[in-house]
Structure formats: structure tokens, C-alpha cells
Amino acid sequence: MTALISFGIYMVAVFALAIFANRAGKSKAFVSEYFLGSKSIGLWAFAFTYAATSASGGSFMGFPSLIYTHGWVLAWWIAGYMVVPIIALGLLAKRMNQVGRIAGAITIPELLRRRFESRSVGNLATIFVVFFMFFYLMAQFKAGAQIMATLLDGVPIYETAVAGVERVTAGIPWVGAADGDYLLCLLVFAVSVIAYTTFGGFRAVVWTDVMQGIVMGLGVVVMLVLALAQVGGLGKATRELAEMTPPQSVIVVVSIAETSGEEIRLSRGDWIETAGERGVVRLKSSTLIPAGDQKSEPVEALKLTTPAEIDRVLSGPDAPSKFTAMMIGEPERYAYGDGQKGVYLTAPGPSQKDSGGFLGVMLALSFFAFWTFSGAGQPSYMVRQMAFRDTVTLRRSIVMVAVYFTLIYFPLVIIFTCARVLLPGMEVHPDRVMPEMAALLTSNAGMPWLAGLLIAAPFAAVMSSVDSFLLLVSSGIVRDVYQESINPKATEKQVRRLSYFVTVVVGLLGLLAVMHPPQFLQHLIVFASAGLGACFLMPMIFTLYWPRTTSRGVIGGMLAGGLTVLILYLIGFLITKEFGEYLLLGLHPFIWAVLFSGIAIVGGSLSQAPVSEALRLRYFGSDYEKTKR
Amino acid sequence: MALPFNLDAMQKPEELGESFRQSKREFWVMVGIWTFFAIWTVSYNGFFADGGSESDPEILFGMPRWVVIGVVVPWILAVSATIWFAMAFMKDTPLGDEEETE
């Protein structure tokens, strides 16, 4: 309950900032203020809004679950972040801001359209932004709801509310089939973010990003200290990891020694001692032992294989009692790493499905490029690069973000390698390892109130991403579709109302889409990032740095990049029947997409007459500087 | 035939703005920094991170040795290079006035 109160204080602060932001922007021109904060964002705001938007639900939910599942190899997987600040902020920002100002653009599609004086370029860019960003929104909504569900689990008023929601939604098609707790948390989360984004616009998003960025940084530092103290030092954790072997998937029948007159419900996550040998399994889904019976139906479970982990569970607070689990058939073993000590310390890392392990060399190279260049190519970051005040702000922000990312990403690897030791069996629900770890660390430290603030860190990450994406999608519709094509003479009042309306509608559509959440949070995030980066990175680099680029080249580049990602994901789906990418020659689709996009831009541009001299001089020539001075 | 980035489409290089030329120099330095650290981490870890069936890899500062040399050390150097780039190499440039957008 104390955790809930501290979390509540955080939420109140978010809304207070939105109200202040709304008041602060009242005197400014609406569209520029609502979508770009009047291009006057200073050092702290710019650095933190960039960092907080970048650190999304993936960083605080998906990434920890991968560290937990695959071990130290994730330090290599995330290594690209060492150069993300210089590339993602340095590569395009100065030119982007300059060209954005010359063009008088508010959005990325608008910048492209004006730079080439081509409506087709702007329309295609809008379509790609809205399409891929929607996947991103879905993933973030799911992450936000999951964090909230963990925080509220066991709170009486919440349990009552969940039961109420289940009753109310029982007969509603699509909505009624969702779990009550997930649905309630999703509703509260989504409505909160939609409300403060709609009310405060870009300035509110930026201000809340600053606060959320600080909460994230503090959360990671506190967790790092607690995790290292409770595990007995990093060296001890790594040595324990060296002895670990991956768990196995098994089918079990749970039995009880004496029959009961009542039905016995066993929940997902319950620990059961195995029959006939010293061992434990953890249930992957809930099951029942019917009244008067001694056995459950067969149910999937996770079997630990490391003696130290088994001892920890058997002597811990969740130690199993009175039930025993009888295994049926052969266990399903990891495709790579089964029974192999040291696999959590080395590359390629254990993998359930891939016999080559989690991270091969080619994939490691792909991710080194992916984190840096896909970051540079995200429209949500690009739009921030159009908003900073001056180059002094940019230079100092690059330094701040470099230090900040170092303090966030590498410590996360340390924290969640410790989690492998402190929290056995989280493979049954890996996406919840972050909130579970926060709860465990603070409870062990006798400071349960701190759990609320620690959980606020990933929550902040999710919120700060959702609000930005929400604004980006609505700006695409209002600015690039309505104002450009439908009603160019719209009054400020009309645009204001439409902006609010579209932000709410886009948010609600995202909410509806994740009533039944996709299973793989991190896959969805990587897909959306790859798609957006593939569509925009090369077109934007050429737009800003190569005067010979033409509209045909940029259209070709966006199509080649976007379609390459879509096709390679489609092939991946057809082969594995699961949402995931196809690694052509071991490389991630993003790498191929960038390559084809670059070729298409050069080919397309050279096949078309250059843009007019006036246009070239406007964006590349020295006369612009002369006229502006 | 025009080649990418040789800017011959401008015909007269002196027409290029100084701020654009400076941005282009910075662009290539950044690409160079990225390439250096990409080669370091991928090649070092490619050779030394794979422990095979070894159950007792060498531990340095509480971490596997390959993490320290293949990730932590280049990370520290990359942050140093970033600070040098941002504070010493990158030049301040006038960005222009904001145009009225409504």
C-alpha cells in the first residue's frame, strides 16, 4: 500500500506538470507550440526528453527480461549504446534543426515535403510514420498495463475493482475476453497518458520527460546499490551464474496427499516440489485440483536444473508445501546451452529455440548498427532535433545523454544478472522481472515504499515514450493531412480542436488494439524501430547532406527501406509461424533495409533532374546565411 | 555521372554554406568514431566472448573478462570521444530564425 501511495504522488506530479505546460504555452502560436514547444527547448529539457523517449518500455521491461534469460551476453547486445548519443544526436540534429527552420516545418513529413516541394514525399512519410508508430504505441500500452498490474497485485480495493470490471465487460465482444486486471490497468494507464498529452501538448511531454528521466536515473542507481548489496557483490553473482544451467520445460500433474472437499486452485508462478527427486518446478499457467480429487490436469511448468537455485527456492519464503509434481514425458530442453555450465557468462548465450545460441557475431554487429542508426532514424527523436534552441544546447545535450545512457544501460545488465541469482524461475514470466525485482529488493531492504518509486522508473519510461508517439501520430494527421490537404485555411480554433480530438482518438485506437496484447513485447518494439529507422534514416541523411537528392530518390528510399523490413518479417513469420524477423545471411532486416534504401535514393535521384537551383541554394547555399544575418 | 556526396551537382563549391560544410566534416568524424568502436567490440568479443563449454571463465572486476575489455573499456573511451567531439570539435552554428508556421 505504501508503494501505491508513493506511486500515486508521482502520478499527481505528472499531471501538475501538464497543467503548467498548458498555461506556459497559451501565448504561443498553437500548432508550433502544441507539436514542437515553439522550438525553444533548452539544455536540460532537450537532453532529458531525448533520453527519456529513447528509454522506453523496451529498456525497462523487455531488456531486463533478455538479460535474465540469456545472461552476460546482453552486455555485448547493448554495446552499441556507447555510441548512440554521438550518432543519434550528432549525425542529423544540427542540419535537421537548420533545415527545419528554413522550411518552417513542424513535422518530419512536412520537412521532407517542403525540402523537395513534393506532396507525394510528405504523404508517403506520413503513411509510414502512422503505420509503424502504431505498433510502437501498442507495445508501450502493454508494458504500462503490465507494470501497473504488478504494482497493484494484492491491493484489496484493486482486486474489487478488477472483479467489477470483469462483470461489466463480460458480455462485450472483444473487450470482454481480456483479463480483468490487465484491462483495468490498461484503461487507467492509457486514459492518464492520453489526458496529459492532449492537455499539455509537446511542452507537457518534454517537461514530464525531464521528471521521468530523473526518476529513471535514480531508480536504476538505487536498484543497482540494493541488488549488489543483497547478492553479496558482483563477483559473487557472476560466480554463481557460472554454475547455472538453463531450466527445462516440462509437463506435470500436480497432486496432493489427501483429498479436499473444495476445489484447489494453483496459480501461474506457484512452486511445486518434484516427486522422487530433490527438485522444484514452477507452473507456467494456472490449474485446478477438483473437489474430492487428488490430481490436476497436466499443466506446463518450468523445471530448475541448478542445485543452488533449487536450494534457494526450497529454503525461501515461497517454499512449496503439501503438493508434489509428477513429470509426464520428456522435458523440452534449450536448443543451445542445455546442461552447459558457464553458458550465462559467455557468448552466444543460451537460447530456447536457436541451436546457434542467442547472439552470433553477425547479429551482434547488426545490433551495434541497429541501436545507433535506427535511433538516429526515429521520427520521434528527429522531431526533438527540430526543437532545440541553439547549437550550444545540442553540444551539451550530447554530453549529458552520453553520461546518462552509461549510467542507465550498463547498470541494468549488472542488476538483472543479479536478478538471475536472487529471483529463480522468472522464465515463466520474464517481462515481469523488473517490477518483481523492484518489489523484492525493497522488501528485503525493509523499505516497501521505495518499490513505488522504483516501479515508477519503468512506468516513466513507458509514459515518456507513449506520449511522444501519440503526439507524433496526431501531428502527422493534423498537420500533414488535414492542414496540408483537406483544409489549408483552417483557423487556429479548428486546428486546436482537431489536434485534441485526434490525440484522443489515436490513443483510444491504440487502447482497443492491445486489449489482447501481443505476446512478444520486445519483438514488437524492435520491429517498429527497425521499420521507422529503415524508412527515414537514409532518406533524411541524403536530404540533409546531399544536394543532388531528389523527391524520386527519397520516395524510392522510403519504400525500399520500409518494404525490406516488412518483407523480411513476413518471411520470418511464414518460416517460424511466430512474429519475428528473418535474418538474411545472419544480418538483421534493418541492415538490409538501410543498404537498399541508400541504393534506391542514389539511383532514384540520378534518374531525375536535380532540384531547382533556388531550392538547393536555400538549403545548402551560403546565401541563406547572408540573408539571415 | 554524379557521385554521392561529391556535391558536383552544386557546380560551384564556393556556393556551399560554411555551416553545411562544417556539418559535413562533423558527419564523417562521427561515422569514423562509430566504425572504430564497432570494429573493437565486434572483433574482440567475436574472438574472446565465446566460452564454449568452459564453466570457469576468467572474472575481472566481478565481470567476465571479455565484458571488461570488449564492452566496458570501449564504452568509457566512447563516452570520452563523445565529450571531445561535442565540446571541442563540433562548432556552434547559427540555426536561423524560426519561420512563422501558421
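First, a word on scope: everything that follows refers to the structure included in this document. (Residues numbered from 1 in each chain as written. Chains lettered and ligands numbered in written order. Predicted model: local features only at pLDDT ≥ 70, side-chain atom pairs only at ≥ 80, totals over all residues. Heavy atoms only, no water.)

### Considerations on the overall build of chain A
Here's step 1: Across its full length, chain A carries 24 helices and seven strands.
Here's step 2: Here chain A has a C-alpha radius of gyration of 26 Å; the compact-globule value for 629 residues is 25 Å, and the two agree.
Here's step 3: Buried positions account for 64% of the 629 residues belonging to chain A.
Here's step 4: Across chain A, contacts joining residues at least 24 apart in sequence account for 81% of those joining residues at least 6 apart.
Here's step 5: If you sum the accessible surface of chain A, you get close to 21600 Å²; carbon and sulfur atoms cover 63% of it.
Here's step 6: With 47 positive and 40 negative side-chain charges, chain A shows a spacing of 16 Å between the two charge centroids. (Helix = DSSP H or I, 4+ residues; strand = E, 2+ residues; numbered from the N terminus. Rg over C-alpha atoms; globule rule 2.2 N^0.38 Å. Buried < 20%, exposed > 50% of the residue type's maximum accessible area, 1.4 Å probe, protein only. Contact = heavy atoms within 4.5 Å. Areas by Shrake-Rupley, 256 points an atom, 1.4 Å probe, with all protein chains shown as cover. Lys, Arg positive; Asp, Glu negative; His and termini not counted. Charge placed at Lys NZ, Arg CZ, Asp CG, Glu CD.)

### A closer look at the overall build of chain B
Here's step 1: Across its full length, chain B holds two helices and two strands.
Here's step 2: Listed N to C, the secondary structure of chain B is α-β-β-α in terms of helices and strands.
Here's step 3: Burial status across chain B gives 47% buried among its 102 residues.
Here's step 4: Contacts spanning at least 24 positions in sequence make up 58% of the contacts within chain B whose residues lie at least 6 apart.

### Concerning the pairing of strand β3 (residues 271–274) of chain A
Residues and elements named next belong to chain A.
Here's step 1: As defined by bridge partners, β3 adjoins strand β4 (residues 280–283) across three bridges and the pair is classed as antiparallel. Counterpart to Ile 272 in the pairing with β4 is Val 281.
Here's step 2: Connecting β3 to the next strand, β4, in antiparallel fashion are five residues, including Gly 276 with a positive phi near 85°.
Here's step 3: With two bridges connecting them, β3 and strand β7 (residues 323–332) associate as parallel partners. Its bridge partner being in β7, Glu 273 is matched across the sheet by Thr 324. (Pairing = 2+ DSSP bridges.)

### Observations concerning the pattern of salt bridges
Here's step 1: All chains considered together, the criterion is met by 10 salt bridges over all chains.
Here's step 2: Of the charged contacts, one joins Glu26(B) and Lys94(A) as a salt bridge, the two residues approaching to 3.0 Å between their closest N and O atoms. With Glu26(B) in helix α1 (residues 18–48) and Lys94(A) in helix α7 (residues 93–103), this residue pair bridges two chains.
Here's step 3: Residue class for Glu26(B) comes out buried when judged on its relative accessible area of 2%.
Here's step 4: One network of salt bridges, with partners in common, ties together Glu309(A), Arg420(A) and Glu427(A). (Salt bridge = Lys/Arg side-chain N within 4 Å of Asp/Glu carboxyl O.)

### Some details on helix α22 (residues 589–606) of chain A
Here's step 1: Along its 18 residues, α22(A) runs 26 Å from first to last C-alpha, staying within 8% of the 26 Å computed at 1.5 Å per residue.
Here's step 2: When α22(A) is considered as a whole, its buried residues turn out to be Pro589(A), Phe590(A), Trp592(A), Ala593(A), Val594(A), Ser597(A), Gly598(A), Ile601(A), Val602(A), Gly604(A) and Ser605(A). (Expected span 1.5 Å × (residues − 1).)

### A few points about the nonpolar core
Residue and element names in this part refer to chain A.
Here's step 1: Grouped together as the largest cluster of nonpolar side chains are 224 residues, with contacts concentrated most on Tyr 10, Trp 72, Trp 77, Leu 112, Phe 416, Met 437 and Phe 536.
Here's step 2: For this core, the leading source of residues is helix α11 (residues 180–231), giving 21 residues.
Here's step 3: Look past the residues within four positions of Phe 536 in its chain and what remains in contact with it is Ile 108, Leu 112, Ala 125, Phe 128, Val 129, Gly 377, Pro 379, Met 382 and Met 558.
Here's step 4: With 14 residues, the next largest nonpolar core counts Val 250, Ile 272, Val 281 and Val 299 among its residues. (Core = buried A, V, L, I, M, F, W, Y, C linked by side-chain atoms within 4.5 Å.)

### Quick word on the packing of aromatic side chains
Here's step 1: With the rule as written, the count across this model stands at 38 aromatic pairs over all chains.
Here's step 2: Judged by centre distance (6.4 Å) and plane angle (45°), the rings of Trp77(A) and Phe358(A) are tilted. Within this pair, whereas Trp77(A) is found in helix α5 (residues 74–77), its partner Phe358(A) is found in the loop between β7 and α14 (361–376), the two being separated by 281 residues in sequence.
Here's step 3: A centroid spacing of 5.3 Å and a plane angle of 70° characterise the contact between Phe131(A) and Phe135(A), whose relative ring orientation is edge-to-face. One end of the pair, Phe131(A), and the other, Phe135(A), are both in helix α9 (residues 119–152), four residues apart, so they sit about a helical turn from each other.
Here's step 4: Looking at Phe131(A), the relative accessible area reads 35%, which means it is partly exposed.
Here's step 5: Under the relative-accessibility criterion, Phe135(A) is labelled partly exposed at 21%.
Here's step 6: Linked through ring pairs, Phe63(A), Trp77(A), Tyr81(A), Phe358(A), Phe367(A), Phe370(A), Trp371(A), Tyr404(A), Phe405(A), Tyr409(A) and Phe590(A) together constitute an aromatic cluster.
Here's step 7: In this structure, Arg420(A) is placed above the aromatic ring of Tyr344(A), and the distance from its NZ or CZ to the ring centre is 4.1 Å.
Here's step 8: For Lys91(B), the ring lying beneath its charged end belongs to Phe89(B), and the centroid distance is 6.0 Å. (Phe/Tyr/Trp six-rings, centres within 6.5 Å; stacked < 30°, edge-to-face > 60°. Lys NZ or Arg CZ within 6 Å of the ring centre and 35° of its normal.)

### Here we look at unusual backbone geometry
Residue and element names in this part refer to chain A.
Here's step 1: Residue Pro 348 is reached from Ala 347 by a cis peptide bond, and omega for that bond is 5°.
Here's step 2: Within the secondary structure, Pro 348 is located in the loop between β7 and α14.
Here's step 3: A positive phi angle is found at Glu 117, which is not glycine, with a value near 50°.
Here's step 4: Along the chain, Glu 117 falls in the loop between α8 (108–116) and α9.
Here's step 5: In this structure Glu 117 comes out as exposed when scored by relative accessible area, which is 62%.

### Let's talk about the environment of Gly562(A)
Here's step 1: Relative to the elements of secondary structure, Gly562(A) occurs in helix α21 (residues 551–576).
Here's step 2: Counting along the chain gives 32 residues from Gly562(A) to Val594(A), while the straight-line C-alpha distance between them is 9.3 Å.

### Description of the packing of α7(A) against α1(B)
Here's step 1: α1(B) packs onto α7(A) with a crossing angle of 150° between their chain directions and a minimal axis gap of 10 Å. Considering their axes alone, α7(A) and α1(B) lie roughly antiparallel with respect to each other. Packed against α7(A), whose contacting residues are Lys94(A), Arg95(A) and Gln98(A), the element α1(B) presents Ser19(B), Phe20(B), Gln22(B), Ser23(B) and Glu26(B) at the interface. (Axes fitted to C-alpha atoms, helices over the stretch in contact; angles between N-to-C directions. Parallel < 35°, antiparallel > 145°, perpendicular 65-115°, else oblique.)

### Points about the sheet that holds β3(A)
Residues and elements named next belong to chain A.
Here's step 1: Read around the closed barrel, five strands run β1-β6-β4-β3-β7, paired in mixed fashion. The sheet shows a mean angle of 50° between the axes of neighbouring strands, taken without regard to direction.
Here's step 2: Direction of pairing for strand β1 (residues 248–256) relative to strand β6 (residues 299–303): antiparallel, over a ladder of five bridges. Within the sheet, the bridge partner assigned to Val 252 lies in β6 and is Val 299.

### What about the side chain of Thr549(A)?
Residue and element names in this part refer to chain A.
Here's step 1: By secondary structure assignment, the location of Thr 549 is in the loop between α20 (521–545) and α21.
Here's step 2: Polar side-chain contacts of Thr 549 include one of 2.8 Å to the backbone oxygen of Trp 546.
Here's step 3: Apart from residues no more than four positions distant in its own chain, Thr 549 is found in contact with Arg 115, Phe 116, Phe 542, Thr 543, Val 554, Ile 601, Ser 605 and Val 611. (Polar contact = N/O pair within 3.5 Å; in protein donor to acceptor, adjacent residues only side chain to side chain.)

### Quick look at the environment of Gly356(A)
Here's step 1: Tracing the backbone through its elements, the reader meets Gly356(A) in the loop between β7 and α14.
Here's step 2: Residues Gly356(A) and Asp270(A), spaced 86 residues apart in sequence, show a C-alpha to C-alpha distance of 32 Å.

### Considering the environment of Gly279(A)
All names here are of chain A.
Here's step 1: Tracing the chain through its elements places Gly 279 in the loop between β3 and β4.
Here's step 2: On the basis of relative accessibility, which here comes to 5%, the residue Gly 279 falls in the buried class.
Here's step 3: Once the C-alpha coordinates of Gly 279 and Ile 102 are considered, the two residues, 177 residues apart in sequence, prove to be 68 Å apart.
Here's step 4: Contacts of Gly 279, omitting those with residues within four sequence positions, involve Ile 272, Glu 273, Thr 274 and Ile 310.

### Let's talk about the packing of α1(B) against helix α2 (residues 65–89) of chain B
Residues and elements named next belong to chain B.
Here's step 1: Here α1 crosses α2 at 170°, and the two axes come no closer than 9 Å. By the angle between their directions, the pair α1 and α2 is classed as roughly antiparallel.
Here's step 2: Class assignment of the residues belonging to the contact of α1 with α2 gives a composition of 18 nonpolar, four polar and three charged. (Nonpolar A, V, L, I, M, F, W, Y, C, P; charged D, E, K, R; others polar.)

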